[in-house]
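# Chain and residue survey
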Amino acid sequence: MLALPSTRLLLLFGESLPSSRLPNVSRKVWGQTSGRFVSQVNPDNGPLTLSSLGFKSDFDKTNKIKADKIERLDVPNEEPKSKVRGVGSNGIKTVKAVRVKKSLEIESAPFSAKSFSELGLPPMLLERLDTAGFTVPTDVQSAAVPTILKGHDVVIQSYTGSGKTLAYLLPILSEVGPLKKKSANGESEFEKKKEIDAVIVAPSRELGMQIVREVEKLLGPTDKKVVQQLVGGANRSRQEEALKKNKPAIVVGTPGRIAEISAAGKLHTHSCRFLVLDEVDELLSFNFREDMHRILEHVGRRTGSDPRGSIAKWAARRTIMVSATVPFSVIRAARSWGSDPLLVQAKKVMPLEAVSPSGPVNILKPTSGSDSSMRTQAALQSLPPALKHYHCVAKLQHKVDTLRRCVHALDAKCVIAFMNHTKQLKDAVFKLEARGMVAAELHGDLGKLARSTTLKKFKNGEVRVLVTNELSARGLDVAECDLVVNLDLPTDSIHYAHRAGRTGRLGRKGTVVTICEEPEVFVVKKLQKQLGIPIPACEFTEGKLNVIKED
Ligand SMILES: Nc1ncnc2c1ncn2[C@@H]1O[C@H](COP(=O)(O)OP(=O)(O)OP(=O)(O)O)[C@@H](O)[C@H]1O
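Residues numbered from 1 in each chain as written. Predicted model: local features only at pLDDT ≥ 70, side-chain atom pairs only at ≥ 80, totals over all residues. Heavy atoms only, no water.

In the nomenclature of an unreviewed UniProt entry, the chain is known as RNA helicase of Gossypium hirsutum.

### Thoughts on the UniProt feature "short sequence motif: Q motif" (unreviewed entry) in the chain
The sites that carry the UniProt feature "short sequence motif: Q motif" (unreviewed entry) are, in the present numbering, residues 114-142. Along residues 114-142 one finds 45% helix and 0% strand; the C-alpha atoms at either end are 9 Å apart. (UniProt positions renumbered as here; feature names shortened; annotations may be inferred. Helix = DSSP H or I, 4+ residues; strand = E, 2+ residues; numbered from the N terminus.)

### Quick look at the state of the cysteines
By definition, a disulfide links two cysteine residues through a covalent bond between their sulfur atoms. Scanning the model with the defined rule gives 0 disulfides in all. Residue Cys516 stays outside any disulfide, its sulfur separated by 7.8 Å from that of Cys392, the closest cysteine. (Disulfide = S-S within 2.5 Å.)

### Regarding the site of the ligand
Around the ligand, 22 residues are found, and the nearest of them are Val136, Lys164, Thr165, Asp477 and Arg505. At 3.5 Å from an oxygen atom of the ligand is found a side-chain nitrogen or oxygen belonging to Glu279. Residue Arg505 places a side-chain N or O atom 2.7 Å away from an oxygen atom belonging to the ligand. Protein chains shield 94% of the accessible area of the ligand, which is 630 Å² for the free molecule. A per-element tally of the shell around the ligand places helix α3 (residues 164-175) first, with 3 residues. Across the shell around the ligand, the residue classes break down as 8 nonpolar, 8 polar and 6 charged. Three or more residues apiece are contributed to the shell around the ligand by two domains, here domain 1 (116-180 + 193-304 + 314-353) and domain 2 (375-547). (Near = heavy atom within 4 Å. Polar contact = N/O pair within 3.5 Å; in protein donor to acceptor, adjacent residues only side chain to side chain. Areas by Shrake-Rupley, 256 points an atom, 1.4 Å probe, with all protein chains shown as cover. Nonpolar A, V, L, I, M, F, W, Y, C, P; charged D, E, K, R; others polar. Domains from an automatic or database assignment.)

### So, the nonpolar core
Grouped together as the largest cluster of nonpolar side chains are 43 residues, with contacts concentrated most on Leu121, Ile156, Tyr168, Leu170, Ile250 and Ile320. For this core, the leading source of residues is α3, giving 7 residues. The residues contacting Ile156, other than those within four sequence positions of it, are Val140, Ala144, Ile148, Lys164, Ala167, Tyr168, Ile320, Met321, Val322, Ser323 and Val344. Counting residues in each nonpolar core, the second largest holds 32 residues, with Val155, Val251, Leu277 and Leu296 among its members. (Core = buried A, V, L, I, M, F, W, Y, C linked by side-chain atoms within 4.5 Å. Buried < 20%, exposed > 50% of the residue type's maximum accessible area, 1.4 Å probe, protein only. Contact = heavy atoms within 4.5 Å.)

### As for the side chain of Arg405
Note on placement: Arg405 falls in helix α12 (residues 399-410). Despite being buried, Arg405 has no salt bridge partner; Asp401 is the closest side chain of opposite charge, sitting 4.4 Å away. Here the side chain of Arg405 touches Phe540 through a polar contact of 2.6 Å, landing on its backbone oxygen. (Lys, Arg positive; Asp, Glu negative; His and termini not counted. Salt bridge = Lys/Arg side-chain N within 4 Å of Asp/Glu carboxyl O.)

### Topic: helix α10 (residues 328-337)
For α10, the buried fraction is high: 7 of the 10 residues fall into the buried class. For α10, every residue scored as buried is listed here: Phe328, Ser329, Val330, Ile331, Ala333, Ala334 and Trp337. Those residues of α10 that are buried lie in contact with β2 (154-157), β6 (274-278), α7 (280-283), α8 (289-298), β7 (318-323) and β8 (342-345).

### Thoughts on the packing of aromatic side chains
By the definition in use, this model includes 0 aromatic pairs. Sitting over the face of the ring of Phe286, Arg289 holds its NZ or CZ atom 4.0 Å from the ring centroid. (Phe/Tyr/Trp six-rings, centres within 6.5 Å; stacked < 30°, edge-to-face > 60°. Lys NZ or Arg CZ within 6 Å of the ring centre and 35° of its normal.)

### Topic: α3
Burial of α3 is extensive: 11 of the 12 residues sit out of reach of the surface. Residues Lys164, Leu166, Ala167, Tyr168, Leu169, Leu170, Pro171, Ile172, Leu173, Ser174 and Glu175 constitute the buried set of α3. A positive backbone phi angle near 85° is found at Gly177, which sits one or two residues after α3.

### Looking at unusual backbone geometry
Notably, Lys247 is not glycine yet its phi reads approximately 45°, a positive angle. Along the chain, Lys247 falls in the loop between α5 (236-246) and β5 (250-253). Phi at Glu279 takes a positive value of approximately 65°, unusual for a residue other than glycine. Tracing the chain through its elements places Glu279 in the loop between β6 and α7. Residue classification places Glu279 among the buried residues on the basis of a relative accessible area of 7%.

### Examining the domain arrangement of the chain
Domain parsing of the chain yields domain 1 (116-180 + 193-304 + 314-353) and domain 2 (375-547). The C-alpha-based centres of domain 1 and domain 2 are spaced at 29 Å. In this complex, domain 1 contributes 22 residues to the contact, which on the side of domain 2 involves 23 residues. Summed over both partners, the interface of domain 1 with domain 2 buries about 1,800 Å², with 49% contributed by carbon and sulfur atoms. (Buried area = accessible area lost by both parts, 1.4 Å probe.)

### Observations regarding the sheet that holds β2
In space, the 8 strands of this open sheet follow the order β4-β5-β3-β6-β7-β2-β8-β9, with mixed pairing throughout. With one partner strand each, in any of the chains shown, β4 (227-230) and β9 (348-351) form the two edges of the open sheet. Recorded for the sheet is a direction-independent mean angle of 15° between the axes of neighbouring strands. α3 rests against β2, β3 (198-201), β5, β6 and β7 of the sheet, and its axis sits at about 170° to β6. Packed onto the sheet, helix α4 (residues 205-219) meets β3, β4, β5 and β6 and runs at close to 170° relative to β4. (Pairing = 2+ DSSP bridges. Axes fitted to C-alpha atoms, helices over the stretch in contact; angles between N-to-C directions.)

Here it is as structure tokens:
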């Protein structure tokens, strides 16, 4: 069995490995194979799909909680109607061509229910979903929506890019705001209340704004003010004014700003019915502990003490915790906050009580190596099934040029390159631009405007390579991203999974290449073992990715 650790940040490899400044290297002889057999990458290498995993489709029958069975349907071969872009490479620094739009193929579509109407959503919300181009729910949406609608507290765990945001937004919008279900007397009139009905917390400004846009997409232009962003970095008094004037039903924000405004008495959340913690394992980390403490104490809290204990105290609030990586510490916390909480995965719903610390919730245990099928299943619960993973050995001073050759070899149009230290990002961008590749840096030290402008340019195709740090590892949704490159190694398998998950969104193809120095290869081997996925060595010769087969 795969055991789970009790804390989120497992620094399995100690400190992140050193990376010094990068010299100005333009041309070198690359990747000697030293007697190893080199083969061309096989484009037909079929990805593992969810359906090949054979997850259980029913609720656990031993479950003491009387949850209804969620009916499973065959996976239809339908693509969602999302717009996806491609790029025409121009190679000239000054020309910032916008990518030509083309569809990125969805290789293994994670859809099981045939339509949203099967999930018990109100007619107006169904209409808005249709208008927004969402026609078929993903597996995790099919599992989560009816479960939350039945009133359960849930932990939603499913791989990156599988549609977890809508999985919790849809049940909330079914009960909160102008799209909600009609009441028993047939009224659907949305009455503005003084208090907030749903609080959604996300660890970064970017992720918070992304969630706001997803809510706005469904609310439509006339009801946009039903949701209010409370993210850090933005003008606080304007946010407070908007709360007062618009009386939003839903707020989405970062822990610091929500806690700040709440402490100032400008955010009334005591009768709140939904609390969502998106990227819950990150939110429950040490960094956010004080702000999260305030939020957990004040959102949905009934006034006056409750002699029946903490569970009764929280009975009015539904707590929804979400992440691709769920350590057992989150399960433990969820058990103490919720009443009969359930774990919702793409094809399985089970009571949290049934999750054992040694059960395969996730990828988080350094494995000793015996049960490879268990490891594979656990990894695939966090990583998109259509991803391909490689590593490439390069000297430190050649890493950026290796990245450039990797982008050309894979003809990648939309690339996210991760580094560990903010100071090095500028250098890498400079080198890429010097070789005619349009690149930009994104990190927390940049101002609010610079961050959103860069992200916008990346999303609309003006920037081909986004060089960034851990800020972008979680939640960032750019459907067109077809390549993730680790220029520095992630600190552990959780970080690897979140970085990797920026590509291969919603069943699309994607490649993850980790560029490391020879002494770092052992770390890649460890990641490979922990994640239960092959990360073969490769090199980029003659403009192609060549897989190196080990003896
Ligand atoms: N049913 C659907 N049909 C089409 N597109 C969808 C559907 N559900 C979600 N999407 C789109 O898929 C993309 C990924 O969804 P989302 O960001 O919610 O994934 P996620 O599981 O939360 O990922 P991460 O773990 O990285 O945060 C988004 O662009 C979203 O709009």
